Amino acid sequence: MKKNTGQNRSITTKWRPATRAVRGGTWRSEQGETSEAIFLTSGYSYDDAATPAARFAGEEPGMTYSRTQNPSVQMLEERIALMEGAEACRVQASGMAAMTAAMLCQLSAGDHLVVAQAAFGPTRWVTDNLLPRFAIEATPVDGRDLDAWKAAIRPNTKMFFFETPANPTMDIVDVAAVCALAREHGIRSVVDNAFATSALQRPLEFGADVVAYSATKLMDGQGRVLAGAVCGSADFINNHLLPFQRNTGPTLSPFSAWVVLKGLETLDLRANRQADNALEVGRFLETRVPRILHPGLPSHPQFALVQKQMIKPGSIFSFEIDGGREAAHAILDALELIDISNNIGDSKTLMTHPASTTHSSLAAETRAAMGVTEGMLRISVGLEDPQDLIDDLDQALRKAGL
Ligand SMILES: *Cc1c(COP(=O)(O)O)cnc(C)c1O
């Protein structure tokens, strides 16, 4: 075996975040490959009958079957855990597989959860439509309002769930305050950190119990694969999440795991550059549109909170124009460089009209309550030269008569 320290926690936890992102979790085969290998195998063979017996009994570490474990997948899990500052991590086939697993692995019939209303659409489908079928009730609240969280607590409340910044309104939840409230009442807090990633925000440092991800977004960062992750204490991951996951099977493929693993090596660079680009584009748009919702601009109503809990505001923001859906669609149609796409976190800049895409399945009143207006556009800023993005937006606004 070649010298390698990526799996040795007594060494890797001494590394600073940038080093963890590049080398954390690396496991080398006897070939000594510098780039991590893709182990495209579903099963494993053993030298003797005692070995699988010991592994199945949990007396010896090692692979048994790729629904439970795979070397490429394990490298990714260890790297994400190190970057997050978590004791443990498990990855899933998509972000929604991660959110669903994080909820179902710890909730039972008769339990109650509180969810910030400005959550990802499918997350709200799970809390509003799926969980009630199993007698698990969810109360949606305005995530910005600590009193609303407090008022929603019941004797059977087991979980708080929120994302921050939230899609597409850029609502910010006070992670420290809401998670402290949860702790006080023996409630587990789960944070969907997809918009920021550990490069820009670390909820565990602010008291969150569990951090869940769509790794499809900034972690892959180049729009290639779907993936999800759940991070937390070793007890939560091993005794709640893992039994659920290994028996229900929302497993990530080794190939996708490898793609995300290599994506993480550049996450810090990309997240920082994309956030810087988004600030430049935001400063331009602020001079041209009536309303902008950008966590990095002092005009954001929760700017002070952003400064407190985010390392840097992210690469995604929204803005509103007069003229409703027609004007918003006209701007999208006039774009020459920026793509019309509802994805986010790509190195290519993408723009969407949430009311007619990501949030179209919600009732008009729910959309309105969340603040998703007909004139709102969301932009996920990539790695292009920001001046080219500004030029494109400028000509598109002009063409749309704005
Ligand atoms: C995309 C996204 C998800 C879902 O992730 P998938 O990988 O598409 O399943 C969940 N939460 C947030 C905030 C997202 O942006």
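Residues numbered from 1 in each chain as written. Predicted model: local features only at pLDDT ≥ 70, side-chain atom pairs only at ≥ 80, totals over all residues. Heavy atoms only, no water.

Turning our eyes to something else, we now look at the domain arrangement of the chain. Domain annotation for the chain reports domain 1 (2–264) and domain 2 (268–399). Look at where the C-alpha atoms of domain 1 and domain 2 centre, and you get two points 27 Å apart. Counting residues at the interface gives 33 residues for domain 1, matched by 36 residues for domain 2. Both sides together, the interface formed by domain 1 and domain 2 hides about 2,900 Å², and carbon and sulfur atoms give 60% of it. Area buried by domain 1 at its contact with domain 2 is led by Pro168, Ile172 and Leu200, which between them contribute 23% of it. In this structure, the connection of domain 1 to domain 2 is made through 1 salt bridge. Put simply, Lys308 and Asp174 hold a salt bridge, and the shortest N to O gap is 3.5 Å. Inspection of the domain 1/domain 2 interface yields 12 residue pairs in polar contact (both at pLDDT 80 or more). Mapped by element, the contributors of at least two residues to the side of domain 1 that touches domain 2 are helix 8 (175–184) and helix 10 (254–264). Looking at side-chain class alone, the side of domain 1 that touches domain 2 contains 17 nonpolar, 10 polar and 6 charged residues. (Domains from an automatic or database assignment. Contact = heavy atoms within 4.5 Å. Buried area = accessible area lost by both parts, 1.4 Å probe. Salt bridge = Lys/Arg side-chain N within 4 Å of Asp/Glu carboxyl O. Polar contact = N/O pair within 3.5 Å; in protein donor to acceptor, adjacent residues only side chain to side chain. Helix = DSSP H or I, 4+ residues; strand = E, 2+ residues; numbered from the N terminus. Nonpolar A, V, L, I, M, F, W, Y, C, P; charged D, E, K, R; others polar.)

The subject of this paragraph is helix 4 (residues 71–84). A rise of 1.5 Å per residue sets the reference length of helix 4, with its 14 residues, at 20 Å; its end C-alpha atoms lie 20 Å apart and thus fit the reference within 8%. Looking at where helix 4 begins, the residue whose side-chain oxygen comes 2.9 Å from the main-chain nitrogen of Ser72 is Asn70. Looking one or two residues past helix 4, Gly85 carries a phi angle of roughly 75°, positive in sign. (Expected span 1.5 Å × (residues − 1).)

Here we take up the site of the ligand. Taken together, 14 residues sit near the ligand, with Gly95, Met96, Asp192, Thr216 and Lys217 positioned nearest. A distance of 2.6 Å separates a nitrogen atom of the ligand from a polar side-chain atom of Asp192. In this structure, an oxygen atom belonging to the ligand sits 2.6 Å away from a side-chain N or O atom of Thr216. Contact with the protein chains removes 92% of the 380 Å² of surface that the ligand exposes when unbound. Grouping the amino acids of the shell around the ligand by side-chain chemistry returns 7 nonpolar, 4 polar and 3 charged. (Near = heavy atom within 4 Å. Areas by Shrake-Rupley, 256 points an atom, 1.4 Å probe, with all protein chains shown as cover.)

Next up on the list: the environment of Asn342. With respect to the secondary-structure elements, Asn342 resides in the loop between strand 10 (339–340) and strand 11 (350–352). Taking relative accessible area as the criterion, Asn342 reaches 48% and is therefore assigned partly exposed. For Asn342 and Gly382, which are 40 residues apart along the polypeptide, the C-alpha to C-alpha distance reads 14 Å. Residues in contact with Asn342, not counting those within four places in the same chain, are Thr352, Thr357, Thr358 and Arg378. (Buried < 20%, exposed > 50% of the residue type's maximum accessible area, 1.4 Å probe, protein only.)

This next bit is on the UniProt feature "modified residue: N6-(pyridoxal phosphate)lysine" (unreviewed entry) in the chain. Mapped onto the present numbering, the UniProt feature "modified residue: N6-(pyridoxal phosphate)lysine" (unreviewed entry) falls at Lys217. Relative to the helices and strands, Lys217 is located in the loop between strand 6 (210–214) and strand 7 (228–232). Not counting chain neighbours up to four residues away, the residues in contact with Lys217 comprise Phe120, Asn343, Ile344 and Gly345. (UniProt positions renumbered as here; feature names shortened; annotations may be inferred.)

The next point concerns the sheet that holds strand 7. What the 7 strands build is an open sheet, ordered 1-7-6-5-4-2-3; its pairing is mixed. Every other strand in the sheet has two partners, leaving strand 1 (88–92) and strand 3 (137–141) as the edge strands with one partner each. Taking each pair of neighbouring strands and ignoring which way they run, the sheet shows an average axis angle of 20°. Judged from the 5 bridges that link them, strand 2 (residues 112–116) and strand 3 form a sheet pairing that is parallel. Opposite Leu113, over in strand 3, you have Ala138 as the bridge partner. Set on the sheet, helix 5 (residues 95–104) makes contact with strand 1, strand 4 (157–163), strand 5 (188–192), strand 6 and strand 7; between it and strand 6 the angle comes to about 155°. (Pairing = 2+ DSSP bridges. Axes fitted to C-alpha atoms, helices over the stretch in contact; angles between N-to-C directions.)

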